[in-house]
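Fold and contact review
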Amino acid sequence: MCEVFNGNMISLRYKAIYTLLEEIRVMVMRRHVERRAYPEKKFKGSFGDRIWPKIVSAGNASGDCHIVAREGDAYEVLSGGVRYVVNLGRRSCSCRGWNLTGIPCKHVYRIMVHRKEEIEEYVHPCYHRQTFLDTYQYSLKPVEGDRFWEKAFHGVIDPPELRKTNPGRKKKEGCKSRENGGAPSETRAKVQRGAFVLASSDNPPQSVADKAIADYSQQLPTQESQA
Ligand SMILES: [Zn+2]
């Protein structure tokens, strides 16, 4: 169902959001109206025109089926030298045709004729005319155009600011400022100010080793103190 929906709106995908939603709404509304008239054209009796050929085919092929025995809801059917078990309670057959499609296979059809029951009892309800009508019984209500909509007084909403971005990872602030030759970032400026203080004449730059030697030399007795 999703694939069908996507296939119908391929041409709408590249439109603006308002136009896209509006055209999807109209598409769904039209579809429901068309589908409600569908059973009159395409349904023969209780089922659609694609189901009846399968039922007729199963009926024609059921001539070689023979009911061997019955135990409760389970029937043993012999067809072409092969034995099949049809369980009416579980709605299953050994050929798996009835299980997978919900449409009777030839083995089930043979049992249906034997029991003299109606075909509607053996076809899954999803194929029934009434199920189809129930699916499309509701539709979208007609909607007035935007000229008749209530005005919302919140001002005009501007579109977001258009920013030019380059592909790839965003560069760091420091790299960007160095490349552009512009002012350094705030962090870089702080480091530079600190470096200037250390590098001034009153505070010559010192490594950790120099500072340790200087501290040790201050602790040593001078010649004046020894005298
Ligand atoms: Zn079968």
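Being a predicted model, the structure only gives us computed values, none of them experimental. (Residues numbered from 1 in each chain as written. Predicted model: local features only at pLDDT ≥ 70, side-chain atom pairs only at ≥ 80, totals over all residues.)

1. Overview of the overall build of the protein
Under the convention used in this document: Numbering of helices and strands runs from the N terminus, with a helix taken as a DSSP run of H or I at least four residues long and a strand as a DSSP run of E at least two residues long. With C-beta atoms placed from the backbone, a residue counts as buried when 20 or more other C-beta atoms lie within 10 Å of its own, as exposed when 12 or fewer do, and as partly exposed for counts between those limits. By definition, residues are in contact whenever their C-beta atoms, placed on the basis of the backbone, come within 7 Å of each other.
On a plain count of helices and strands, the protein comes out with eleven helices and six strands. Buried positions account for 11% of the 227 residues belonging to the protein. The long-range fraction of contacts in the protein, counting pairs at least 24 apart against all pairs at least 6 apart in sequence, stands at 42%.

2. Comments concerning the sheet that holds strand β3 (residues 65-71)
Counted only if it meets this: By the convention used here, strands pair only if DSSP detects at least 2 bridges between them. Geometry is summarised by axes, namely lines fitted to C-alpha atoms with helices restricted to the contacting stretch, and by angles between N-to-C directions that run from 0 to 180 degrees.
With antiparallel pairing, four strands are arranged side by side in an open sheet as β3-β4-β5-β6. Only two strands of the sheet have a single partner each, and these edge strands are β3 and β6 (92-93). Looking at chain direction, β3 and strand β4 (residues 74-79) are connected through six bridges and run antiparallel. Within β4, the position partnered with H66 by the bridge is L78. Across the sheet, helix α6 (residues 106-115) touches β3, β4, β5 (82-87) and β6, and the angle it forms with β3 is around 70°.

3. Describing helix α10 (residues 208-219)
This is how it is decided: In this scheme, a helix's expected span is set at 1.5 Å multiplied by one less than its residue total.
For α10, built from twelve residues, the straight-helix expectation of 16 Å at 1.5 Å per residue is met to within 8% by its first-to-last C-alpha distance of 17 Å. Of all twelve residues in α10, zero are buried, a share of ten percent or less.

4. Digging into the nonpolar core
This is how it is decided: For this entry, the nonpolar core is defined as buried Ala, Val, Leu, Ile, Met, Phe, Trp, Tyr and Cys residues connected by C-beta atoms within 7 Å.
With 20 residues, the main nonpolar core has V86, C93, C105, V108 and V123 as its most contacted residues. Elements with a contribution of two residues or more to this core: β4, β5 and α6. If we skip the residues at most four places from it in the chain, V108 touches V86, C93, W98 and Y122.

5. Description of the confidence of the model for the protein
Operational definition: Each residue gets a pLDDT score, which is the predictor's confidence in that residue and runs from 0 to 100.
For the protein, per-residue confidence averages 82 on the pLDDT scale, and 81% of positions sit at 70 or higher. Note on residues 194-199: pLDDT is under 50 here. Beyond four places in sequence and across chains, it has four contacts.

6. A few points about the environment of G80
Along the chain, G80 turns up in the loop between β4 and β5. Exposure remark for G80: the 7 C-beta atoms within 10 Å place this residue in the exposed category. Between the C-alpha atoms of G80 and D64, which are 16 residues apart in sequence, the distance is 6.9 Å.

7. Brief notes about unusual backbone geometry
In the Ramachandran plot, R96 falls in the positive-phi region, its phi being about 65° despite a non-glycine side chain. Residue position: R96 is located in the loop between β6 and α5 (97-101). Given 10 C-beta atoms within 10 Å, R96 falls into the exposed group.

8. Some words on the environment of I55
Inspection of the secondary structure puts I55 in helix α4 (residues 52-61). Expressed as a C-alpha distance, the spacing of I55 and I119, which sit 64 residues apart in the sequence, is 8.8 Å.

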